[in-house]
Structure formats: C-alpha cells, structure tokens
Amino acid sequence: MLEIIRIHNELLGTYGDRGNADVLKYRAALRKIPARVTEISYLDPVPKSGDIYLLGGAEDAAQILSLTALRKGSVLSRAANKGAVVLAICAGFQILGSRYVTRDEEIAGLGLLDVETTPGDRRLVGDIAVASKLFDQPLTGFENHSSVTTLGADALPFGKVLQGNGNGVAGVDGAIDKNVFGTYLHGPVLARNPEFADLLLERAVGSTLSAVNDELAMRYAMWRRALIK
Ligand code: GLN
C-alpha cells in the first residue's frame, strides 16, 4: 500500500494544495497501485511509514505553527534521507529550507533543502510557468507569496521561470534534492501537470509506470500551457 501523508492541511491548506494528494491517489489507482491518503493534523506525530509526504501553502503565522510542530522528532528529514518523496508547495517549500525570516522573526527551517527565505518588497501573485529538466513540457501553476527564496550552494533549482516569479531570485523556481521537491506552484500543481504526479509516483514505487490515457487531465495541462505568455 502506497502511503501518501497530507501534512497539516488545517494549516497548510490555504491555497487548495490538498488536491495534490488526491491526484496522486487517483493516478496510482489508474495503474492498479493501491494507495491511501493519511491526514496528519499538527497535533499528531508524523508517521515514519510514508512513501510520499505533501505540504501545501499557508499564511505566515500558520506556516510557523506547522514548522514548529514538524521540528519535533525530525521525522520528515529522516524519511527523506531514506528516500521517501517529499513535495512541498510555497510555505511548505519555505519550511523545508534552512532559514525562514519574516519581518518580525527569524526561525530555523527543517533543513531538507539548502535554501533561505526572506521577506520580499511586494506580493508575487499570478500565473507562473517553469521549465524543468525533469520534463519535456513546461509546468504551469499559480503563485501567491511575498517572501523570496535564495538557493544555497548545495541546492539545485526545480526549474527556470518562463512566466511569473518563482523564488523571486535568479529567475528560478523551487529547489530539488534527490526525492525532495520544493516549488512555488499552486494549482494544485499535480492537477495541472499530471507528468509531475507520475514522476513522484515513479520515485515512490521505484519503477516506471505504465502509460495511461487520462485524456481530460492531458487536455487541461495542454490548455494551460497554451496560455503561457
Ligand atoms: N507565507 C508565505 C509568503 O507569503 C507563503 C505563502 C504561500 O504559501 N502561498 O511568502
């Protein structure tokens, strides 16, 4: 059973990123891979048994609560070190970095990605498109954040920004380290980019997935790509 852990949706659920879990479960089922989504509240310990861990976007205060809860036990970094897949969107991505700075405070992140997030001077909001070496086609999404994220020497960007802002620094979006993926793309990103969902599933099951004809999902992805400016 593929275990998909949706972390702190009550805190990291502001932008509808909860849909990423549902897309993974759906696309796993298309391949007859049994999968379940486990909801983890910020009062619960994070299970060690997850194959895929998902974090979504949030307001700053909610994000700090989530980060504080996740620091206990360091389950996420241990799971990632053992090869579990982690997908983190916007606030979730910022949480995975080494440092998170707001106008009022500065706190250590979980340190899964070598990135630092600091306050920006304006809100970065709108459609975003990113070219990632992992995919033949650009990915599309929606962004809404005011912080900016700088990559450290050990971080690789998730992709190059074609439209929008992404990290807000150096024309790139997100960061990756093995099976840990951070990006600013809401959407939910896996609904808008089914190839990305399949890549995460492949990383989690450790083998290539069979092709499926999910025509509606592909049409939606293509329609969004055709709108890239
Ligand atoms: N609080 C963060 C920021 O504004 C993240 C926002 C979000 O997750 N969309 O930068």
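Note that the structure is a prediction, hence the values are computed from the model and not measured.

Regarding empty space enclosed by the protein
This model, assessed by the stated rule, comprises 1 cavity of 30 Å³ or more. In terms of lining residues, the largest cavity is bounded by Arg 6, Ile 7, Asn 9, Leu 12, Asp 17, Arg 18, Asn 20, Leu 54, Leu 55 and Gly 56. Contributions of two or more residues to the lining of the largest cavity are made by strand E1 (2–7) and strand E3 (52–55). For the lining of the largest cavity, the class distribution of residues is 4 nonpolar, 3 polar and 3 charged.

Quick look at the sheet that holds strand E12 (residues 180–183)
Spatial strand order, E2-E1-E3-E4-E12-E11: 6 strands in an open sheet with mixed pairing. Whereas interior strands pair on both sides, the edge strands pair on one side only; in this sheet they are strand E2 (35–40) and strand E11 (175–177). With strand direction ignored, the average angle separating the axes of adjacent strands in the sheet is 15°. With 3 bridges connecting them, E1 and E3 associate as parallel partners. Bridge pairing in E3 links Ile 5 to Tyr 53. In the packing of helix H1 (residues 19–30) onto the sheet, contacts are made with E1, E2, E3 and strand E4 (85–89), and the angle to E1 comes to roughly 170°.

A word on a nonpolar patch on the surface
Taken together, the side chains of Tyr 42, Leu 43 and Leu 65 define a hydrophobic patch exposed on the protein surface, amounting to about 310 Å² of accessible area. Along the chain, Tyr 42 falls in the loop between E2 and E3. Overall, Tyr 42 belongs to the partly exposed group, its relative accessible area being 33%.

Focus: a negative patch on the surface
Together, Glu 59, Asp 60, Asp 104 and Glu 105 give the surface a local cluster of negative charge. On the secondary structure map, Glu 59 appears in the loop between E3 and helix H2 (60–71).

Focus on the site of the ligand
Taken together, 14 residues form the shell around the ligand, and within it Asp 60, Cys 90, Asn 144, Ser 146 and Ser 147 come nearest. Contacts to the ligand include Ala 58, whose backbone N or O atom sits 3.0 Å from an oxygen atom. Here a nitrogen atom of the ligand and a side-chain polar atom of Gln 63 are 3.1 Å apart. For the ligand, whose unbound accessible area comes to 300 Å², protein coverage reaches 99%.

Concerning the nonpolar core
If you look at the biggest cluster of nonpolar residues, it comprises 63 residues, and the most contacted ones within it are Tyr 53, Leu 96 and Phe 196. When residues no more than four places from it in sequence are discounted, the contact partners of Phe 196 are Leu 87, Phe 135, Leu 139, Phe 158, Phe 181, Val 189 and Leu 190.

Focus: helix H7 (residues 215–226)
Taking 1.5 Å per residue as the helical rise, H7 with its 12 residues ought to reach 16 Å, and the 16 Å between its terminal C-alpha atoms agrees with that figure. All buried positions along H7 are accounted for by Ala 217, Ala 221 and Arg 225. For H7, the angular spread of buried residues about the axis comes to 70°, placing them on one side. Exposed residues lying more than 90 degrees from the buried face of H7 are Leu 216, Met 222 and Ala 226. Among the structural elements, H1, strand E8 (139–151), helix H5 (189–192) and helix H6 (194–205) are those in contact with the buried residues of H7.

The rules behind the values
- Residues numbered from 1 in each chain as written.
- Predicted model: local features only at pLDDT ≥ 70, side-chain atom pairs only at ≥ 80, totals over all residues.
- Heavy atoms only, no water.
- 1 Å grid on protein atoms, 1.4 Å probe; cavity = no way out; pocket = protein on both sides within 12 Å on 5 of 7 lines; lining within 4 Å.
- Points joined across faces, edges and corners; volume = space filled by probe spheres on them.
- Helix = DSSP H or I, 4+ residues; strand = E, 2+ residues; numbered from the N terminus.
- Nonpolar A, V, L, I, M, F, W, Y, C, P; charged D, E, K, R; others polar.
- Pairing = 2+ DSSP bridges.
- Axes fitted to C-alpha atoms, helices over the stretch in contact; angles between N-to-C directions.
- Contact = heavy atoms within 4.5 Å.
- Patch = residues over 30% accessible without salt bridge, like charges linked within 9 Å, V, L, I, M, F, W, Y side chains within 5 Å.
- Areas by Shrake-Rupley, 256 points an atom, 1.4 Å probe, with all protein chains shown as cover.
- Salt bridge = Lys/Arg side-chain N within 4 Å of Asp/Glu carboxyl O.
- Buried < 20%, exposed > 50% of the residue type's maximum accessible area, 1.4 Å probe, protein only.
- Lys, Arg positive; Asp, Glu negative; His and termini not counted.
- Charge placed at Lys NZ, Arg CZ, Asp CG, Glu CD.
- Near = heavy atom within 4 Å.
- Polar contact = N/O pair within 3.5 Å; in protein donor to acceptor, adjacent residues only side chain to side chain.
- Core = buried A, V, L, I, M, F, W, Y, C linked by side-chain atoms within 4.5 Å.
- Expected span 1.5 Å × (residues − 1).
- Arc of directions from axis to C-beta.

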